[in-house]
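# Examining the three-dimensional arrangement
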Amino acid sequence: MRFQPIRVYCLHHVCAEFDAESMNRGDWMDINEFKQKVSAMRQNGIAFISLSDAYSQMTNDKFRNRKYAVLTFDDGYASLKEILPWLEEHKIPVTLFINGKYLDGKSYRKSPKEKYLTNDELDQLSKQNPFLTIGSHGWEHVYATDMTNDEFVASAEKNVALLSSHPRYIPFWAYAYGDHTQFSDTYLRNQHIVPIYIDGMKNYNEPNVIHRELL
Ligand SMILES: [Zn+2]
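A brief structural summary. (Residues numbered from 1 in each chain as written. Predicted model: local features only at pLDDT ≥ 70, side-chain atom pairs only at ≥ 80, totals over all residues.)

## Notes on the overall build of the chain
- A count of helical and extended segments in the chain gives 6 helices and 10 strands.
- For the chain, the spread of C-alpha atoms along the principal axes amounts to about 45 × 40 × 30 Å.
- Out of the 215 residues in the chain, the part that is buried amounts to 32%.
- A separation of at least 24 residues holds for 64% of the contacts in the chain among residues at least 6 apart in sequence. (Helix = DSSP H or I, 4+ residues; strand = E, 2+ residues; numbered from the N terminus. Buried ≥ 20, exposed ≤ 12 C-beta atoms within 10 Å, placed from the backbone. Contact = placed C-beta atoms within 7 Å.)

Written out as structure tokens, the structure reads:
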């Protein structure tokens, strides 16, 4: 059991209705399917823990005699308001990876139909839910490989400045699209921010990096 991995899951929309105008099919999971999956995992002995707890275990090279999982949601969509109360009720920790730019209630990536949490909503959610933490997804949702090093640094500084004013901020950075460069990894680590990938891998005891997979 020494090498029991910790699995970190990446989700986007979990809600009752798929809305073709504002969502991609691959980023949506039906809310009942999600609840059933999470409940079944718990019945099978998997404990959902916070990202910070998971990272602490991986970094401190801890022996694990049970299975752990972590839930993370990318992009900060407004649809999260449907599932977050259920997660809170079941005391399941969750990390939201946020692009600061879209918190203003006006900005969007591709279509004005996209609905993101606003800064006020994020504030409210984190005040009422003690199991919620906030990590970084970049100022805008762009590929790290499409940015110059200076642009990446500017994006990080701006996003971290906004999010770290928040009491529930944690220094973890989920790369948009999982896309990263050697520079971005080194920069984040120098800033004591943990880079997070979406490469489908499980986490053993490897400090400084977190892998994610889809649920
Ligand atoms: Zn994303």
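So much for the structure itself; the text now carries on.
## Overview of the nonpolar core
- Ala54, Val70, Leu80, Leu96, Trp173 and Ile196 are the most contacted members of the largest nonpolar core, which has 45 residues in total.
- If we ignore the near neighbours within four places in the chain, the residues touching Leu96 are Phe73, Gly76, Leu80, Leu132 and Ile134. (Core = buried A, V, L, I, M, F, W, Y, C linked by C-beta atoms within 7 Å.)

## Regarding the packing of helix H5 (residues 149-163) against helix H6 (residues 182-190)
- Relative orientation of the contacting elements H5 and H6 amounts to 35 degrees, with a least axis distance of 10 Å. Crossing angle aside, the handedness with which H5 passes H6 is right-handed. Of the residues in H6, those in contact with Asn149, Phe152, Val153 and Ala156 of H5 are Phe183, Ser184 and Tyr187.
- Looking at the contact of H5 with H6 residue by residue, the class counts come to 5 nonpolar, 2 polar and no charged. (Axes fitted to C-alpha atoms, helices over the stretch in contact; angles between N-to-C directions. Left-handed = near helix turned anticlockwise from the far one by under 90°. Nonpolar A, V, L, I, M, F, W, Y, C, P; charged D, E, K, R; others polar.)

## What to know about the environment of Leu214
- Mapped onto the secondary structure, Leu214 falls in strand S10 (residues 213-214).
- Judged by local crowding, Leu214 falls into the exposed class, with 12 C-beta atoms found within 10 Å.
- Leu214 sits 43 residues away from Pro171 along the chain, and the two C-alpha atoms are 22 Å apart.
- In this structure Leu214 touches Tyr9 and Cys10, once residues within four positions along its chain are discounted.

## What about helix H1 (residues 31-43)?
- The terminal C-alpha atoms of H1 lie 18 Å apart, and with 13 residues this matches the ideal 18 Å at 1.5 Å per residue to within 8%.
- Gly45 sits one or two positions beyond H1 and adopts a positive phi of about 90 degrees. (Expected span 1.5 Å × (residues − 1).)

## Some remarks on the environment of Asn149
- Position of Asn149 among the secondary structure elements: in helix H5.
- Judged by the 13 C-beta atoms lying within 10 Å of it, Asn149 falls in the partly exposed class.
- C-alpha separation for the pair Asn149 and Tyr68, spaced 81 residues apart in sequence, amounts to 35 Å.

## A look at the pairing of strand S1 (residues 6-11)
- Bridge count for S1 against strand S5 (residues 68-74) is 6 bridges, and the pairing is parallel. Note that in S5 the partner of Val8 across the bridge is Val70.
- Sheet topology note: the S1/S10 ladder contains 2 bridges and is parallel. Along S10, the bridge assignment pairs Cys10 with Leu214. (Pairing = 2+ DSSP bridges.)

## Thoughts on unusual backbone geometry
- Its identity as a non-glycine residue notwithstanding, Asp61 has a phi of 55 degrees, on the positive side.
- Within the secondary structure, Asp61 is located in the loop between helix H2 (51-59) and S5.
- C-beta crowding within 10 Å serves as the criterion here: with 10 such atoms nearby, Asp61 is assigned to the exposed category.
- A positive phi angle, close to 80 degrees, is found at Asn208, a residue other than glycine.
- Secondary-structure assignment places Asn208 in the loop between strand S9 (194-196) and S10.

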